[in-house]
Amino acid sequence: KGNRIAYLSNEENDFFGQTDLYVYDLETNKTENIQSGVFSAPTWNSNGSTVYYTKKAKYPNKQGSKYFDLYELDLNTKDEKRLTKDARAFSPYFISKDSTLIYLSTHDGGQNIYRIDLNSRKTQRLTNFNDRRMISSLAYDEEKNRILFDVTRNHFRDVAFLSLADSTIGFVLANREWDERDMNISAGKLMYSDDRSGVFNLYLIDEKTMTGGYITNVMGGAFMPDVNVFGQVAYSLYENGSYKIAILDNVVFVDQKSVGYD
């Protein structure tokens, strides 16, 4: 709803991989640690008070193992619910039109895309990749009813799609000379991070006007953009050896010749 940002941070922990889930309130400028041991990006329910995330179970299963599973937290009541069991699940993304979560699951060294109905708790496997491809993050294109995902091929990441209408799989961005990742799409505007200039910056493609260009020009790196209902863009800014949260109030194209090492 434009007033809070959910993010992960290793603040007050000893290692980079030890991350907790925080919520930052833009109106009060206050940050709250709402859950420890959270892994991969969280996702908001459209009601603005429920957040979904991944963490390991507190207790091992009968075989003595702990796996990453999906959890739901009501920020008003602080009530937490476990949604999956031993699913090796991460990177959830909430789809408001049918109250489902899409997510990634690892098996045998590769990832596939799954969907869980939040009402029935039934899980469906949507892909069957047998080449052990590495998938990192998900997004949903409501206008075209398709899932976007970034996938590593050889050295670089590319952005691919999975049509939920006919299960067609193809590529949206597939340049072999640079990396494209962390995509987000809203109202026909595809936003992502790429390093064609030698530095990761945010790039925007307006599919309706067929225009595109950089919307940031940073020297460290800009990653993981997300857009709120007001068109503001929150993203992860790498600067001076650490990550910060940055916000663009207005999206304006930057002169591409001035971006990056050039």
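See above for the structure.
Below: a short report on this structure. (Residues numbered from 1 in each chain as written. Predicted model: local features only at pLDDT ≥ 70, side-chain atom pairs only at ≥ 80, totals over all residues. Heavy atoms only, no water.)

**A few points about the environment of Arg 82**
Summarising the element assignment, Arg 82 is placed in strand β7 (residues 80–82). Arg 82 sits in the partly exposed class, given a relative accessible area of 36%. Remark: the alpha-carbon pair of Arg 82 and Thr 123, spanning 41 residues in sequence, is separated by 14 Å. Ignoring anything within four residues of it in the chain, the contact list for Arg 82 reads Ala 57, Asp 69, Leu 70 and Tyr 71. In this structure the side chain of Arg 82 is engaged in a polar contact, spanning 2.8 Å, whose partner is the side chain of Asp 69. A polar contact of 3.0 Å, which involves the side chain of Arg 82, links it to the backbone oxygen of Thr 84. (Helix = DSSP H or I, 4+ residues; strand = E, 2+ residues; numbered from the N terminus. Buried < 20%, exposed > 50% of the residue type's maximum accessible area, 1.4 Å probe, protein only. Contact = heavy atoms within 4.5 Å. Polar contact = N/O pair within 3.5 Å; in protein donor to acceptor, adjacent residues only side chain to side chain.)

**Things to note about the sheet that holds strand β3 (residues 30–35)**
Spatial strand order, β1-β2-β3: three strands in an open sheet with antiparallel pairing. Unpaired on one side and paired on the other, β1 (4–9) and β3 mark the two borders of the sheet. Each strand axis lies, on average, 30° off the axis of its neighbour in the sheet, ignoring direction. (Pairing = 2+ DSSP bridges. Axes fitted to C-alpha atoms, helices over the stretch in contact; angles between N-to-C directions.)

**Details of the pattern of salt bridges**
It is possible for side chains bearing opposite charge to pair when their charged atoms get close. Applying the stated rule across the entire model yields 14 salt bridges. Note that Arg 153 and Asp 158 form a salt bridge whose closest N and O atoms lie 3.0 Å from each other. Assessed through its relative accessible area of 23%, Arg 153 is described here as partly exposed. According to the relative accessible area criterion, Asp 158 is buried, its value standing at 0%. Measuring nitrogen to oxygen at the nearest pair gives 3.0 Å for the salt bridge that ties Asp 179 to Arg 181. You can call Arg 181 buried: its relative accessible area is 18%. Through salt bridges with shared partners, a single ionic network connects Asp 141, Lys 144, Arg 146 and Glu 207. (Salt bridge = Lys/Arg side-chain N within 4 Å of Asp/Glu carboxyl O.)

**Details of the sheet that holds strand β16 (residues 180–186)**
Two strands in a sheet stick together by hydrogen bonds in their backbones, pointing the same way (parallel) or opposite ways (antiparallel). Overall, antiparallel pairing links the four strands, which are arranged β16-β17-β18-β19 in an open sheet. Because the sheet does not close on itself, it has two edges, and the strands there are β16 and β19 (211–214). Averaged over neighbouring strand pairs, the angle between their axes works out to 15° when direction is ignored. Judged from the five bridges that link them, β16 and strand β17 (residues 189–194) form a sheet pairing that is antiparallel.

**With respect to the packing of aromatic side chains**
Enumeration according to the criterion identifies twelve aromatic pairs in this entry. Relative to Tyr 214, the ring of Tyr 203 has its centre 5.0 Å away and its plane inclined at 85°; by these criteria the two rings are edge-to-face. Remark: Tyr 214 occurs in strand β19 and Tyr 203 occurs in strand β18 (residues 201–206); sequence separation between them is eleven residues. Directly above the aromatic system of Tyr 71 lies the positively charged group of Lys 55, at a separation of 4.9 Å from the ring centroid. Across the ring face of Phe 161, the terminal group of Arg 146 is positioned such that the distance to the ring centre comes to 5.1 Å. (Phe/Tyr/Trp six-rings, centres within 6.5 Å; stacked < 30°, edge-to-face > 60°. Lys NZ or Arg CZ within 6 Å of the ring centre and 35° of its normal.)

**Some details on the environment of Lys 30**
Relative to the helices and strands, Lys 30 is located in strand β3. For Lys 30, a relative accessible area of 59% puts it in the exposed group. In this structure the C-alpha to C-alpha distance between Lys 30 and Arg 4, which are 26 residues apart in sequence, comes to 9.8 Å. Discounting residues that sit within four places of it in the chain, Lys 30 has contacts with Val 23, Tyr 24 and Asp 25.

**Observations concerning the nonpolar core**
Judged by nonpolar contacts, the single largest core of 15 residues is most densely connected at Ile 113, Ile 135, Leu 138, Ile 147 and Phe 149. For this core, the elements supplying multiple residues, two or more each, are β8 (89–95), β9 (100–107), β12 (134–141), β13 (146–153) and β14 (156–163). Excluding its chain neighbours within four sequence positions, the residues that come into contact with Ile 135 are Phe 90, Leu 104, Gln 111, Ile 113, Phe 129, Phe 149, Asp 150 and Val 151. If you look at the next biggest cluster of nonpolar residues, it comprises twelve residues, including Leu 148, Phe 161, Leu 190 and Tyr 203. (Core = buried A, V, L, I, M, F, W, Y, C linked by side-chain atoms within 4.5 Å.)

**Considering unusual backbone geometry**
At Glu 12, a position not held by glycine, the phi torsion is positive, near 70°. If you trace the backbone, Glu 12 turns up in the loop between β1 and β2 (20–25). One non-glycine residue, Ser 91, lies in the positive phi region at around 55°. Within the fold, Ser 91 resides in strand β8.

**Structural notes on the side chain of Asp 182**
Along the polypeptide, Asp 182 turns up in strand β16. Buried and without a salt bridge, Asp 182 has Arg 157 as its closest oppositely charged side chain, separated by 4.0 Å. Among the polar contacts made by the side chain of Asp 182, one reaches the main-chain amide nitrogen of Met 224 at a distance of 3.2 Å. Residues contacting Asp 182, with those up to four places away along its chain left out, are Ser 137, Asp 150, Arg 157, Met 191, Tyr 192, Ser 193, Phe 223, Met 224 and Pro 225. (Lys, Arg positive; Asp, Glu negative; His and termini not counted.)

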